[in-house]
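Fold and contact review
These are the residues of each chain, in order.
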Amino acid sequence: MVLPERPITILIAALGGEGGGVLADWIIAAATARDYPVQSTSIPGVAQRTGATTYYVEIYPAKISELGARRPVMTLTPAPCYVDVMVASELIEAGRAMQNGFVTRDRTTLIASTHRVYTVAEKMQMGDGRFDSAVVLKAARELAKRAILFDMQAQANAAATVISAVMFGALAGSGTLPLARADCEAAIRSGGKGAEASLRGFAAGFDAAAGPAPSKTVTPAERKRLSGSERVRQTFPEETRAMLEEGAARCAGFQDRSYARLYLDRLEPIVNLDHAAEGYKLSNETGRFLALWMCYEDVIRVADLKTRRSRFERVREEVQAKPHEPLHIIEFLKPGVDEFTAVLPRFLARPLKALAEASGLAKKLNIGMHVKTTSVSGFLALRFLAWLRPLRPLTSRWHEEQILIDRWLVAIATAAKRDAELALEIGLCGRLIKGYGDTHQRGKGNFLRILDTLVEGDVVPDDRARIDAIRKAREAALADPEGRKLELSLETLGIAPLPPRPKPVKFMRRPQPEKRRVA
Amino acid sequence: MERSFTKEVELLKLGAGQTFHGEGILAVTKALLQSGISYVGGYQGAPVSHVMDVLNDARDIMDELGIHVETNASEAGAAAMLGASINYPLRGAVAWKSTVGTNVASDALSNLASVGVRGGALVVIGEDYGEGASIIQERSHAFAMKSQIWLLDPRPNLPTIVRMVEKGFELSEASNTPVMLELRIRACHVHGAFEAKDNRAPQFSRRNAIENPEFDFARVSLPPATYAQEKHKVEVRWPAAVKFIRENRLNEVFEGPIAELGIVCQGGMYNVAVRTLQQLGLADTFGVSKIPIYVLNVTYPLIPEEVGAFCSGKVAVLVVEEGQPAYLEDALHAALRRADLQTKVHGKDFLPMAGEYTGEVVLTGVAKWLAAMAPHVENAGVDSEGIRSVLDELSVTKMRAVELLGGAVPARPPGFCIGCPERPVFSAMKLIERESGAFHISADIGCHTFSTLPPFNIGNTVLGYGLGLASNSGIAPMFSGRTVTIMGDGGFWHNGLTSGIANAVFNKSDGILVIMKNGYTSATGTQNIPSSRHQTEWKSGDMSIERALKGIGVEWIKPVYTYRVSEMAKTLREAMSSAYRGLKVIIADAECQLERQRRIRPQIAAALKAGKRVVRTRFGVDEDVCSGDHSCIRLSGCPSLTVKAASDPLKVDPVAHVNNDCVGCGLCGEVAHAAILCPSFFRAEIVQNPNVLDRFVARLRNTVIGWLRPAEGRS
């Protein structure tokens, strides 16, 4: 009898708590039932808590009864270039496997879920720190002998089971194991608890791997486009319509139709100066950040957004409440002096703010509230705020924002006359304006710092160098919430850094020992 | 306990003629029962936690055999328990994580090794080294050498591991010396099979008690007996061990046709060495190798006669020895020198000095060695070009991947679980840091050490389990402001109560201690500790941290429910600025979420099934209110608080998002409040199996709200 030359090697990459161990146990049970020598190892322990981990399985596809006294020597750690099946429960884990050399063109079938579980390093960034999924998908298709890629988490959710069941199904469906579908299903059944749900997940995974590849592996978020105004269609270039329609509609929803007109009035000169480079990127990006800025989040806006019907429906769907189940939504709000003065007219806001600053109460007067918007009183409280909308142009914040917006737009337009790229860089600085409270103030501070020094100042006389400087400064500002990186970036251009923002320091010194009394 | 072992307990009942299928560490447990032990103990820690867990679940078998199972207070306690084997013919075993556990145990181990044992004494050490390790990277080998304890390192397959456990007891008795059985993390969790034997009831046990105590001053570690003991070690016990190891062939030689070369490896390295040779075309899948292999299932002591016999006639041998210093390689040099053999010894010159010997590492090292030995290999008809091409393929594959991925993918270190009660403490500290600037924090060992990783980066030093407060004793007096120390409740009972708290009170320390009271040693798999709320019938259920503190003389004690971030911050602030001089203890009190979920999930499922009203709570972020600056994530780090692409086409940055794994602990809402973040967070309460009143009120509210709501406009 000719014996197989070597075992089949299976490496499973998963996150702690995803059931990778159960998957390894299923493979063992199925192989043992076939009388094949099989071995698995794992590295459990505290390192597994929510972190990346691996399970390694080897199956020797010959019956023990036919081997006599001989047993294959199976190893405990996977070797690069020597993995037959690489299973990853998440896309970046597939990337990690490739990075470690476990996916090779001549040998490896890569079975990976395309969904993402973002790492702390990715999600803690101020801007967008996500690793590009498309890069991993492309690498997977190039490096693997065969790549089976689909969203296993979605399949698991649909089957109301855990991802390991779908992974097992995909593994069985890929045809790379010396195990029949029935063997695998029997292994799941022998596991007992939750077997029915697991079998549903298994079947979904099996079909996805065995059948034709799903046409759409990553579904882009469905984006609603609503019909835009006539004016956008008539006056603005085709390439800018989607963005501008969205922006104008946002402004109309935020305030009224005349505010939407103002939005387009403000953009028109910039669109006229745009040389259509990169599909009107200047117009589109300025349009994007202008809309976001014009529709700034004051309490009126937040109250409005929180009391919409569509929002209630979205929450219901998100928290998976069934139609017959009553749902209570409790908002966590903590408005303070800033939020209060923002909606007062200027003549009242200024002295109040000054008073709060002077008395050191600015940071202390925040009132923590839990508002139940699903109750009549809670809903009314927020709705009342939302009804203040027509009065918004009288508020101090409105005034403040419009002045700064105009200053930014003038800077863009001025630059656009000289250099479109420079204008774009200034436009992109609009990204810094976001958030609430402290975050908003920090962002605005960083924005103003760049505007003062690099855009309106003349530290960097050469426009080309200026483009580069602004980009670097913006990236530095996004990389560090405290703004120190921005100052470091400016310092390289010879701009004296601002002193660190004084913290409301409360020195908690240890009380000094009492002076000894002299006898 | 994180896992239930009721299924595995059945494996321990297997008898002769049956096949055991299971994990390595369970096979060791079964082997202990087959060896007729009288007592067993240990301290939990990956990768040997399961020994204790499964024994605690196997009380009926233990009772039947009369075996005593002790949950030791620490590794020192476990090692001291082996003292039962000094005077009496009792076989006993203990288990712990190494090298940290061996460090803790070393006082008792030295004493035990000096006086020697009458009954077989076995220490099962789980070597937490390499990928996935959670401790400092050192070898346990040095402990064996300094105390003359024999060290077994079996080939990582179940039949060999089981045989070495059984032979280990015999070796211990034949040489009156305790024996350590070293198992690497993957060997502990290797899943395989072996032919079982019947369990053996011990001669003396709880069922068959010893009647008369024995006294022999020669077995007491006090001079002058200790001088005689040292001599006895090297003159009698060592030679007896060498004789036993040789006669029982505990080490193995696998011959091969390329007789000029040889590989000497630790037992634990055998499988990876064989796989490497197989990849290089020098061995088949059954381990039949062209190069002879000498496998050291006993890595200490070395048997000079065996080494001489294997090396004589060889041009060169390669030592595959994981870890450093290279004790085996050095010992081999010395043995060959004494035997006047000229065989070249290679090892760390081709393989790396430090780090885990994974498949890739050994493959690279062995391939380089073989390339250097090309003439000898080619004599045997092996193409050395093929060896080089394997190496090339390796580097090309990795380079291509890096090129395609355009840089390293983000790392995914471990972290706090969803809803972990320890996370809020660090959120509170982050908030205080904003006011006061950073302060020194002495961290400890436990899940809470994850605070040193992003997003918190809290904790300046880690010195050992339960040693947080002790490690702060030199730091605190050097700072003008107060410093903070963290200690878990596991570390508290392990030794923190004495080495840290009693000592701080005694020395009139002015420090601040935060005790994480989550009820278990969570990092090792949620084992029970003296202050756990739910105890089994074999454990005392009335031991409290608070009473221990008061008894020791701590006056300033403030328990805080951890999820109240503002209150935690307030209490910390109070401790820092209080005029009280003395140890200030904050007890961060909330049950380990992992264990809580394990406990309440079945209860909730049963209630739902019975049609009872259950309110499910979870948190959420309003996508259109979130501006995507992620400061909530920087203050929480909860796995279920993540990001997703904004469905708003205007927003470029991803928005925060709470996924369906949320257990509703409430931290994100608390943080949003305490840090005054943003109005995006909401708590959703879903009434499952609503009653008549629920439905009536909901309908009424919906109707009224429907009237009040204006027609939906554009965004």
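Because the structure is predicted, anything quoted here is derived from the model rather than measured.

When you go through chain B residue by residue, the secondary structure sums to 26 helices and 26 strands. Over its C-alpha atoms chain B spans a radius of gyration of 30 Å, differing by no more than 12% from the 27 Å that the globule rule assigns to 715 residues. Structurally, chain B occupies a C-alpha span of about 95 × 70 × 60 Å along its principal axes.

With that out of the way, let us pick up the overall build of chain A. Scanning chain A from N- to C-terminus turns up 22 helices and eight strands. In terms of C-alpha radius of gyration, chain A reaches 30 Å, well past the compact-globule figure of 24 Å for 519 residues. Along the first, second and third principal axes, the C-alpha atoms of chain A reach 95 × 90 × 60 Å. Per-residue burial over chain A gives 51% buried out of 519 residues. In chain A, the share of contacts with a sequence separation of at least 24, taken over all contacts with a separation of at least 6, comes to 68%.

What follows covers the domain arrangement of chain A. Once the domains are mapped, chain A shows domain 1 (8–210), domain 2 (299–394) and domain 3 (397–491). Summarising the inter-unit geometry, the C-alpha centres of domain 1 of chain A and domain 3 of chain A are found 47 Å apart.

Further remarks concern unusual backbone geometry. The step from Pro223(B) to Pro224(B) runs through a cis peptide bond, and the omega angle for that step is 5°. Relative to the elements of secondary structure, Pro224(B) occurs in the loop between strand E8 (191–195) and helix H11 (225–247). Of the consecutive residues Pro454(B) and Pro455(B), the connecting peptide bond is found in the cis state with omega at 5°. With respect to the helices, strands and loops of the structure, Pro455(B) is situated in the loop between strand E15 (441–443) and strand E16 (461–462). One non-glycine residue, Asp35(A), lies in positive phi territory at about 70°. Within the secondary structure, Asp35(A) is located in the loop between helix H1 (20–33) and strand E2 (38–42). In the Ramachandran plot, Tyr280(A) falls in the positive-phi region, its phi being about 55° despite a non-glycine side chain. Note on placement: Tyr280(A) falls in the loop between helix H11 (257–273) and helix H12 (281–294). Since 23 C-beta atoms lie within 10 Å of it, Tyr280(A) is described here as buried.

With that out of the way, let us pick up the pairing of strand E21 (residues 556–561) of chain B. All names here are of chain B. Bridge analysis of E21 against strand E22 (residues 584–589) gives six bridges, and the strand direction is parallel. Within the sheet, the bridge partner assigned to valine 560 lies in E22 and is alanine 588. Read as a crossover between parallel neighbours, the route from E21 over helix H22 (residues 565–577) to E22 is right-handed.

In this section: the sheet that holds strand E26 (residues 681–688) of chain B. The four strands are arranged E8(A)-E7(A)-E26(B)-E23(B) in an open sheet whose pairing can be described as antiparallel. At either margin of the open sheet sits one strand with a lone partner, and together these are strand E8 (369–372) of chain A together with strand E23 (614–621) of chain B. The average undirected angle you get between the axes of adjacent strands in this sheet is 25°. Pairing between strand E7 (residues 327–333) of chain A and E26(B): five bridges, direction antiparallel. Residue pairing in the sheet places His328(A) in a bridge with Glu685(B) of E26(B).

On to the domain arrangement of chain B. Taken domain by domain, chain B holds domain 1 (6–247), domain 2 (252–405), domain 3 (423–595) and domain 4 (613–708). Domain 1 of chain B and domain 4 of chain B are separated by 53 Å when their C-alpha centres are compared.

Turning to the interface of chain B and chain A, a few remarks are in order. Across the boundary between the two partners, chain B contributes 115 residues, which contact 122 residues of chain A. The biggest single contributor to the side of chain B that touches chain A is helix H17 (residues 384–405) of chain B, with nine residues. Each residue belonging to the side of chain B that touches chain A can be placed in one class, and the counts come to 53 nonpolar, 35 polar and 27 charged.

Residue and element names in this part refer to chain A. Per-residue confidence for chain A averages 89 on the pLDDT scale, and 92% of its residues sit at or above 70. Across chain A, element-level confidence peaks in strand E4 (residues 85–88) with a mean pLDDT of 98 and bottoms out in helix H9 (residues 230–235) with 81. The low-confidence segment residues 214–228, where pLDDT is below 50, has 20 contacts with residues more than four positions distant or belonging to other chains.

This part is about the sheet that holds E21(B). Residues and elements named next belong to chain B. Read from one edge to the other, the open sheet built from six strands follows the order E16-E15-E17-E18-E22-E21, with strand pairing classed as parallel. Two strands in the sheet have a free side with no partner beyond their single neighbour: E16 and E21. One ladder, built from five bridges, connects strand E17 (residues 484–488) with strand E18 (residues 512–517); its direction is parallel. Bridge assignment links methionine 487 to a residue of E18, and that residue is isoleucine 515. Helix-sheet contacts for helix H21 (residues 545–552) involve E18, E21 and E22, and the interaxial angle to E22 is about 175°. Docked against the sheet, H22 engages E18, E21 and E22, running at close to 170° with respect to E22.

Looking now at the packing of H1(A) against helix H7 (residues 181–190) of chain A. Residue and element names in this part refer to chain A. Contact geometry for H1 and H7: axes closest at 8 Å, N-to-C directions at 120°. Taken together, H1 and H7 sit at an angle that is classed as oblique. Note on packing geometry: the crossing formed by H1 with H7 is right-handed. Residues Trp26, Ala29, Ala30 and Ala33 of H1 pack against Asp183, Cys184, Ala186, Ala187, Ile188 and Ser190 of H7. Grouping the constituent residues of the contact of H1 with H7 by class yields eight nonpolar, one polar and one charged.

So, on to the packing of helix H2 (residues 24–34) of chain B against helix H9 (residues 158–175) of chain B. Relative orientation and spacing of two packed helices are given, respectively, by the angle between their axes and the distance between those axes. All names here are of chain B. The geometry of H2 relative to H9 is characterised by a closest axis approach of 9 Å and an angle of 35° between their N-to-C directions. For H2 against H9, the interelement crossing comes out right-handed. Across the interface between the two elements, Gly24, Ala27, Val28, Ala31, Leu32 and Gln34 of H2 pack against Leu158, Ile161, Val162, Val165 and Glu166 of H9. Grouping the amino acids of the contact of H2 with H9 by side-chain chemistry returns eight nonpolar, two polar and one charged.

Conventions we followed
Residues numbered from 1 in each chain as written. Chains lettered and ligands numbered in written order. Predicted model: local features only at pLDDT ≥ 70, side-chain atom pairs only at ≥ 80, totals over all residues. Helix = DSSP H or I, 4+ residues; strand = E, 2+ residues; numbered from the N terminus. Rg over C-alpha atoms; globule rule 2.2 N^0.38 Å. Buried ≥ 20, exposed ≤ 12 C-beta atoms within 10 Å, placed from the backbone. Contact = placed C-beta atoms within 7 Å. Domains from an automatic or database assignment. Pairing = 2+ DSSP bridges. Right-handed = clockwise from strand over helix to strand, strands pointing away. Axes fitted to C-alpha atoms, helices over the stretch in contact; angles between N-to-C directions. Nonpolar A, V, L, I, M, F, W, Y, C, P; charged D, E, K, R; others polar. pLDDT = per-residue confidence, 0-100. Parallel < 35°, antiparallel > 145°, perpendicular 65-115°, else oblique. Left-handed = near helix turned anticlockwise from the far one by under 90°.

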